[in-house]
Amino acid sequence: MPVDFLTDEQADKYGRFNGEPNLEQLARHFHLDDVDLGHVRRRRGDHNRLGFAIQLCTVRFLGAFLLDPVDVPPGVVSFVAKQLAVVDDCLPLYSQRPPTRLEHSSEIQRLYGYRNLGDGIEQFKLIRWLYIRSWLSAERPSVLFDLATARLVERKVLLPGVSVLARIVSRVRDRASARVWRILSKQPSAEQRSRLERLLLVEEGNRLSELDRLRKSPTRVSGPSLVAALERLDEIRELGMGSLNLERIPTSRITALARHAASTWSQRIQNMATDRRIATLVAFAHVFEATAMDDALDVLDMLITEITHSAELNRKKERLRTIRDLDYAALQLADACSVILEQTTTAVDLETIFSRVTKDELEAASKLVKSLARPSDEQYQKELVDCYGRVRRFLPKVLNTISFRHTDAGKRVFDALEFLHTIEGKTRPDMGDAPLDIATRRWKRVVMPDGKVDRRAYTLCVLEQLQDKLRRRDIYVTPSQRWGDPRAKLIHGGAWEKARQQVCKSLDRCDTADEELERLGMALDEAYHRVAGNIPNNAAVEVEQTDGRDTLKITALDRLEEPASLLQLREDVNALLPRVDLPEVILEIQQQTGFLDEFTHISEGNARVQDLPVSICAVLIAEACNIGFEPLVRRDIPALTRSRLSWVQQNYIRSDTLTAANAKLVDFQSEIPLALTWGGGEVASADGLRFVVHVRTINARPNSKYFGTERGITYYNFTSDQFTGFHGIVIPGTLRDSMFVLDGLLEQETSLKPLELMTDTAGVSDVVFGLFWLLGYQFSPRLADIGESRFWRIDTAADYGPLNGIARNRISTRLISNNWDDMLRVAGSLKMGTVSASELIRSLLRSQRPTTLTRAIAEVGRISKTLYQLNYIDQEAYRRRILTQLNRGEGRNGMARATFHGQRGEIRKRYREGQEDQLGALGLVVNTMVLWNTIYTHQALEHLRADGGSASDEDAARLSPLEHGHFNFLGTYSFRLTDEVRDGQLRPLRSPEEIEEMVA
């Protein structure tokens, strides 16, 4: 092949049948209408009519005429022959006269308007289309090849030879890339170019280049680490790339170049051609300014949290240390008070009091109580002020380096920050101009103890408020990915007016709030009446009186009984599943799906090496099993040498390739008949898997419940009702699940279209219910305590019988009506991907004083939540369906935990990207095992049924592909497939003799 980005498998599939077409493809491409039949019937002889029709359908489906027109799947021949009322046995006669075949193909081309790519205009159109796509995105050449093939078929242009099209794709893509490099390389000045070039040099005495140093994120949470992170930001800014106008270059191309610069060796960049080298460095500096800003603010946020936590601990220690003195003084005062209370006259006899507690003792006790006792609403403010020395180590650098911005809600804190900036460097500044409206009641006693502003206390008060506003994004920075203003990413102005109608149609939402509220009101009223009518017959639900109010009590679900036939079927199937090493599972699934072909070189080039799938397989196992390369290295196998594995890990394993490979597995699973009995892909669940991070990193948080004295992360993964994981998010610590529940539905890239998501109670929020409803999804969390839930109504006069006392909260329809357009704009922005769901929800949920828009979304969420709760209490089958799906997610987590067995199951990656790639590899490997189990479980069922065994559809639907006892995760790993499996055949099921030996 002149162009090597295509695998042999892709080249073999080009312009040929790859198995039988499915029913939808047969109906679309192989159905003959009246015009087609008219052309066919003019042929003489059944074999000519059938051959002509098959050539016609073939060119529609493949976009090319076959060299041997009868080399088609039997199902195609049968489907076409039935339409012509001829026998398919006559087709071999058609191949005996080549001139007739050529004549027919020429006539089909003339009658149906098929053109050759060699025609100048068609080739020009294809090249122009490819160039635009290549310019706007960094799509891989293999993807462009497939897209070009589909476009040619759609436009009735006959496919050229595979090498011809591959050369066109490669040439056009190279031209687009060269243009990107040329434009980017011309942006910096000569001085800036020289500065960029110096990034690649390794100075004498150093092991790393300046580029290597700048792309390393901080790993410690401390004042010096924050200062170093800010100095790193300054160094990147000094390159001046942030000020360049790069609007001419698509963002995706700049991001792809920066990603390459961030992960490849400096020497490789140094060896690039000049334009490409400068362009790569420009992209790096431009993108990494935002990255460095985010890293610095991550450290700042964690450092403020750590200082606050230490202040809380100091307060507790101080209270414990002084409790004996406070008790002693309090008892003396109590003794004096008891004398007063014993007096029978109104006059107080001081001599009697002083005889029991002397005047000096009483004065000392009073002073001690005043010094040790704290107001009931005071927390840790005084101890926090004692940390002022730690703050001074980094605050000047923060104020001088970061330019904060603000919304209206953050203006007061922003003004206070500006004041701190103006007094920076002054020994005795005038604090009279300090904005004091940011000080809460707790802080005012500390900030102004004697009527004058204390600089130390004021600074700590501002810092605490800054953290709160940053987390809500009322104060934000730019450029930034994680600490920017998500509201600025919403669709605005004319763009929203153009998109509004389309958004309403796609989300099935009414244009006006009145229409939508009428629909919601009718649905809510019907649900209340239905559930109220079923209450007398619903043994699981009871209305009780608690503190004078009606509350609901719901009986927990009993365990679903498993019939003897299911237990026996599960035992029979598990006994038949072959024992297999994990590498063989991955390589066998590669033979079935080709999912490892999605791993492409980070440079988007044509780097291909022999036995690359074996190397990728080994790296995936090293990551997913958390065992490193050592158990996998084989010096006598080129694909398994340490240098090869290290090269593959650096250049092939990244988020986009992991996502693409995973999508291929999920899509393949969704077409297996057994998987369809488990679900159609419309239902999913989300759950978190916790991991301790045993190295210093800023991308981990403490939580004693899950991580003990260590820090950790959460892998929040989404599981379909077919047991496959279709998305995963790495979360520092254990942030609220509700911030991330929508990301899995909006950002996943598989063919599944989940419409309902089930979670534990931790994901419950009125705002989340509102956003789910606006986007057309159903949010179905498991409710731990339905009695504590609030039920809402729209019609205050409606009589809901036994539920009247439950439905005591009223919806503010006016709030929804007044904010309807903005609510649609939020939903449209989320749907169109202009803003991340987690970014937006974080800013909405972190606010102690929510905006009017937030309250409106929460209000419509209360309607959706009430409808869900009514269905939840009314239908036991619904509650059980939620429990079943959550159990699937937990079972998949159990399989992941068993797989991730190395190094005590702890993460040893310092940087967020490395953690995401490792857990992405874990999710991918778990999906390969799930798919392998599904294939062989289906095979085992067919085997049992063929032998006359009992395997009902009901029992098969309750089987699970999460068994993993027959997989070998440990010991020596084999990377060799038998010839039969390599050819695409399944390995034999275990025989009864093997089963008996295993039992013995």
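What counts as what
Residues numbered from 1 in each chain as written. Predicted model: local features only at pLDDT ≥ 70, side-chain atom pairs only at ≥ 80, totals over all residues. Heavy atoms only, no water. Helix = DSSP H or I, 4+ residues; strand = E, 2+ residues; numbered from the N terminus. Buried < 20%, exposed > 50% of the residue type's maximum accessible area, 1.4 Å probe, protein only. Contact = heavy atoms within 4.5 Å. Areas by Shrake-Rupley, 256 points an atom, 1.4 Å probe, with all protein chains shown as cover. Lys, Arg positive; Asp, Glu negative; His and termini not counted. Charge placed at Lys NZ, Arg CZ, Asp CG, Glu CD. Phe/Tyr/Trp six-rings, centres within 6.5 Å; stacked < 30°, edge-to-face > 60°. Lys NZ or Arg CZ within 6 Å of the ring centre and 35° of its normal. Pairing = 2+ DSSP bridges. Arc of directions from axis to C-beta. Polar contact = N/O pair within 3.5 Å; in protein donor to acceptor, adjacent residues only side chain to side chain. Salt bridge = Lys/Arg side-chain N within 4 Å of Asp/Glu carboxyl O. 1 Å grid on protein atoms, 1.4 Å probe; cavity = no way out; pocket = protein on both sides within 12 Å on 5 of 7 lines; lining within 4 Å. Points joined across faces, edges and corners; volume = space filled by probe spheres on them. Core = buried A, V, L, I, M, F, W, Y, C linked by side-chain atoms within 4.5 Å. Disulfide = S-S within 2.5 Å. pLDDT = per-residue confidence, 0-100.

A. Focus on the overall build of the protein. The number of helices and strands found in the protein is 43 helices and 16 strands. With the principal axes as the frame, the protein shows a C-alpha extent of 135 × 85 × 70 Å. Within the protein, the proportion of its 1000 residues that are buried is 53%. Expressed as a percentage of contacts within the protein between residues at least 6 apart in sequence, the contacts between residues at least 24 apart total 76%. Within the structure as shown, the protein displays about 46,900 Å² of accessible surface, and the carbon and sulfur contribution to it stands at 49%. Between the mean site of the 135 positive side-chain charges and the mean site of the 138 negative ones, the protein shows a separation of 6 Å.

B. Examining the packing of aromatic side chains more closely. The tally for this structure, following the rule as stated, stands at 22 aromatic pairs. Geometrically, the ring pair formed by Phe419 and Tyr458 is edge-to-face, given 6.0 Å between the ring centres and 90° between the ring planes. Placement of the pair is Phe419 in helix α21 (residues 411-423) and Tyr458 in helix α23 (residues 455-472), with a sequence separation of 39 residues. By the burial criterion, Phe419 is buried, and Tyr458 matches it. Joined through ring pairs, the aromatic side chains of Phe769, Phe772, Tyr777, Phe779, Tyr868, Tyr872 and Tyr878 make up one cluster. Over the ring of Tyr114 we find Lys156, and its NZ or CZ is 5.7 Å from the ring centre. In this structure, Arg690 packs its charged tip against the face of Tyr706, placed 4.3 Å from the ring centre.

C. Representation of the pairing of strand β12 (residues 756-759) in the model. In β12, alternate side chains face the same way, and those of Glu756 and Met758 on one face and Leu757 and Thr759 on the other are all buried. Summarising the sheet, strand β8 (residues 683-693) and β12 pair through three bridges and their orientation is parallel. If you follow Val683 over to β12, its bridge partner there is Glu756. Examined bridge by bridge, β12 and strand β13 (residues 778-781) share four bridges and lie parallel to one another.

D. Here's a closer look at helix α29 (residues 642-652). Turning to α29, its buried residues number three or more, namely Arg644, Leu645, Trp647, Val648, Asn651 and Tyr652. All buried residues of α29 lie within an arc of 160° about the axis, which places them on one face of the element. The elements touched by buried residues of α29 are α14 (266-270), α28 (612-624) and α30 (655-669).

E. Representation of the side chain of Arg60 in the model. Turning to its location among the elements, Arg60 is positioned in helix α4 (residues 46-62). A relative accessible area of 18% means that Arg60 is categorised as buried. A distance of 3.3 Å separates a polar atom in the side chain of Arg60 from the backbone oxygen of His31. Look past the residues within four positions of Arg60 in its chain and what remains in contact with it is His29, His31, Asp36, Tyr112, Tyr114 and Val153.

F. Summary view of the pattern of salt bridges. Tallying each qualifying case throughout the model produces 53 salt bridges. Salt-bridge contacts for Asp212 lead to Arg215; the nearest nitrogen and oxygen are separated by 2.6 Å. Residue classification places Asp212 among the buried residues on the basis of a relative accessible area of 15%. The exposure class of Arg215 is buried, given its relative accessible area of 16%. The closest approach of N and O atoms between Glu876 and Arg880, which form a salt bridge, is 3.5 Å. In this pair, Glu876 and Arg880 are both assigned in helix α39 (residues 876-899), four residues apart and thus about one turn of the helix distant. Residue Glu876 is classed as partly exposed on the basis of its relative accessible area, which comes to 44%. On the basis of relative accessible area, Arg880 is assigned to the buried category, the value being 16%. One connected set of salt bridges, linked through shared partners, spans Asp468, Lys469, Arg472, Asp474, Asp485 and Arg487.

G. Structural view of the layout of surface pockets. A volume near 2,100 Å³ is recorded for the second largest pocket. Residue lining of the second largest pocket: 45 residues in total, with Lys13, Asn18, Gln25, Phe61 and Asp146 positioned closest to the centre. Secondary structure elements with two or more residues in the lining of the second largest pocket: α1 (8-13), α2 (23-29), α4, α8 (141-154), α27 (582-593) and α30.

H. Structural view of the environment of Glu20. In this structure, Glu20 sits in the loop between α1 and α2. Accessibility expressed as a relative area gives 44% for Glu20, which makes it partly exposed. Spatially, the C-alpha atoms of Glu20 and Leu50 are 18 Å apart, while their sequence positions differ by 30 residues. Among all residues touching Glu20, those that are not within four sequence positions of it are Pro73, Pro74, Gly75 and Val76. A distance of 2.7 Å separates a polar side-chain atom of Glu20 from the backbone nitrogen of Gly75.

I. Inspection of the nonpolar core at higher detail. One finds Leu226, Leu297, Phe394, Phe404, Trp443 and Tyr458 to be the most contacted residues of the largest nonpolar core, which totals 84 residues. Ranked by residues supplied to this core, first place goes to helix α15 (residues 274-342) with 19 residues.

J. Structural context of the side chain of Asp917. Relative to the elements of secondary structure, Asp917 occurs in helix α40 (residues 912-946). For the buried residue Asp917, which engages in no salt bridge, the nearest side chain bearing the opposite charge is Lys909, 8.0 Å off. Among residues more than four places away in sequence, those in contact with Asp917 are Ile653, Arg654, Ser655 and Leu658.

K. Here's a closer look at the environment of Leu350. Assignment of secondary structure puts Leu350 in helix α16 (residues 350-356). For Leu350, a relative accessible area of 48% gives the class partly exposed. Spatially, the C-alpha atoms of Leu350 and Ser843 are 61 Å apart, while their sequence positions differ by 493 residues.

L. Layout of the state of the cysteines. If you walk through the whole model with that rule in mind, you get zero disulfides. In this model Cys387 remains outside any disulfide bridge; the closest cysteine sulfur is found in Cys461, 15 Å from its own. We classify Cys387 as buried; its relative accessible area is 7%. In this structure Cys461 comes out as buried when scored by relative accessible area, which is 1%.

M. Highlighting the pairing of β8. Most of β8 is tucked away: eleven of the eleven residues are buried. Neither face of β8 is exposed, since Val683, Ser685, Asp687, Leu689, Phe691 and Val693 on one face and Ala684, Ala686, Gly688, Arg690 and Val692 on the opposite face are all buried. Relative to strand β10 (residues 711-720), β8 is paired through ten bridges, and the arrangement is antiparallel. Opposite Leu689, over in β10, you have Tyr715 as the bridge partner.

N. Region of the structure containing the confidence of the model for the protein. Put simply, the protein has an average pLDDT of 86, and 95% of its residues get 70 or more. Note that pLDDT drops below 50 for residues 995-1000; the model gives that stretch five contacts with residues more than four away or on any other chain.

O. Region of the structure containing unusual backbone geometry. The omega torsion across Thr478 and Pro479 is 0°, close enough to zero to call that bond cis. Structurally, Pro479 is set in the loop between β4 (475-476) and α24 (493-507). For Ala85, which is not glycine, the phi dihedral falls at a positive 60°. As for its position among the elements, Ala85 is in the loop between α5 (74-84) and α6 (98-111). Overall, the relative accessible area of 69% leaves Ala85 in the exposed class. Positive phi is not limited to glycine here, since Gln903 has a value of about 50°. Note on placement: Gln903 falls in the loop between α39 and α40. For Gln903, a relative accessible area of 37% puts it in the partly exposed group.

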